[in-house]
Amino acid sequence: MDLSVIIPIYNEEANISTLYQRLRGVIDPMGIQCEFIFINDGSRDSSLPLILDLAARHPDVRYINFSRNFGHQIAVTAGLDLSQGQAVAIIDADLQDPPELIPELYRKMREGYEVVYAKRRRREGESAMKLFTAKMFYRILAKITNVSIPVDTGDFRIISRKVVQALKQMPEQNKFLRGQISWIGYRQTYVEYDRAQRAGGETGYTYRKMIKLALDGITAFSDVPLKAATLMGFGATGIAFLVLLYTLFERFVTRNYQPGWASLMVSILFLGGVQLIAVGIIGEYLARLSANVRQRPLYIISDTNISEPAPVGRG
Ligand code: UDP
Ligand code: MG
């Protein structure tokens, strides 16, 4: 098997057949042996019957049907776990990632790279809010990690079997694949493209899911927030100490003191705020720590046509 194409699906009934046709249109001429792995991530529309129909008609279409919605990163992980190709392409189902780029990614890989990611030159039809938050996120992440995670790059990419093997050895429950792939290293390169609009349907990435992904990325690849909490603590303590000196001076030297309601309130609120922020940051890390200690399977497969599947996915 030369190439596996991994396609996570969450409510994509409007896009599946066009996507499949476009994929075939670019991959068949490449003359390589290829499998298409559709992962149905608990869709509530008729995505599943469409996938089952494709699988019934084409022997190279595989499907993995999850027992519920586990999220995009987990869906891709399941695809990676059960893929067989020497190279593996990850692509969104909504045609925002043009299938036509796959041959170029593949060619680059054959030049001797283990990872070829697709970097967005422009993004169309996305809300200003999404563009802004995404931009900020990638910049901040780049600042606070030691791993150089490429900016403006999603999961659309081709990776080699070596990288898939390495990913399988990374047990974290909160996946941030693009970060993990950067962490793995090897020779990596990119191809630029203009990101299109979503072809049909609507985004499955709610703000809630985006915030989770962002926090997963940050907590998995940086301890800076924890250190910032410590710094804030030192800062607040420093200020409190100055206020203390000032108060003592007023009380005993100038003997010019007022009932100190304002200063008291200000310092209580300030310290309370700093403490809550610090506790919250610790909580984010702790929650992920406990998820990893629980060692639950990452996903549960309801059914699949891939032979000998692992019934559950280990992290
Ligand atoms: N997706 C998924 N599970 C989810 C949300 C999304 O498998 O819980 C899939 C979705 O079907 C698509 C890809 O992940 O193939 C990217 O999602 P989407 O296009 O909704 O995200 P956006 O492009 O808006 O960031
Ligand atoms: Mg999309």
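Residues numbered from 1 in each chain as written. Chains lettered and ligands numbered in written order. Predicted model: local features only at pLDDT ≥ 70, side-chain atom pairs only at ≥ 80, totals over all residues.

Time to look at the overall build of the protein chain. Looking only at helices and strands, one finds 10 helices and 9 strands in the protein chain. Against the 2.2 N^0.38 benchmark of 20 Å for 315 residues, the protein chain shows a C-alpha radius of gyration of 25 Å, more extended than a compact globule. Along the three orthogonal principal directions, the C-alpha set of the protein chain runs to about 90 × 35 × 35 Å. Within the span of the protein chain, comprising 315 residues, buried residues form 31% of the whole. Across the protein chain, every contact between residues at least 6 apart in sequence was considered, and the portion connecting residues at least 24 apart equals 83%. (Helix = DSSP H or I, 4+ residues; strand = E, 2+ residues; numbered from the N terminus. Rg over C-alpha atoms; globule rule 2.2 N^0.38 Å. Buried ≥ 20, exposed ≤ 12 C-beta atoms within 10 Å, placed from the backbone. Contact = placed C-beta atoms within 7 Å.)

Ranked by size, the top nonpolar core spans 56 residues in total, and within it Ile-7 and Ala-89 carry the most contacts. Non-local contacts of Ala-89, meaning those with residues more than four positions away in its chain, are made with Leu-3, Val-5, Ile-6, Ile-102, Leu-105 and Ile-158. (Core = buried A, V, L, I, M, F, W, Y, C linked by C-beta atoms within 7 Å.)

The next subject is the site of ligand 1. Pro-8, Tyr-10, Ala-93, Thr-203 and Gly-204 are the nearest of the 17 residues found near ligand 1. Among the residues making up the shell around ligand 1, the classes are represented as 6 nonpolar, 6 polar and 5 charged. (Near = placed C-beta within 6 Å. Nonpolar A, V, L, I, M, F, W, Y, C, P; charged D, E, K, R; others polar.)

Taken from the UniProt record, the annotation "transmembrane region" (unreviewed entry) applies to residues 228–249 and 261–287. Secondary structure across residues 228–249 comprises 100% helix and 0% strand; the distance between its end C-alpha atoms is 31 Å. (UniProt positions renumbered as here; feature names shortened; annotations may be inferred.)

It is worth spelling out the environment of Ile-159 at this point. Topologically, Ile-159 is positioned in strand S6 (residues 153–160). Given 28 C-beta atoms within 10 Å, Ile-159 falls into the buried group. A sequence separation of 135 residues divides Ile-159 from Arg-24, and the C-alpha atoms of the two residues are 20 Å apart. Setting aside its immediate chain neighbours within four residues, Ile-159 contacts Val-88, Glu-114, Val-115, Val-164 and Ile-181.

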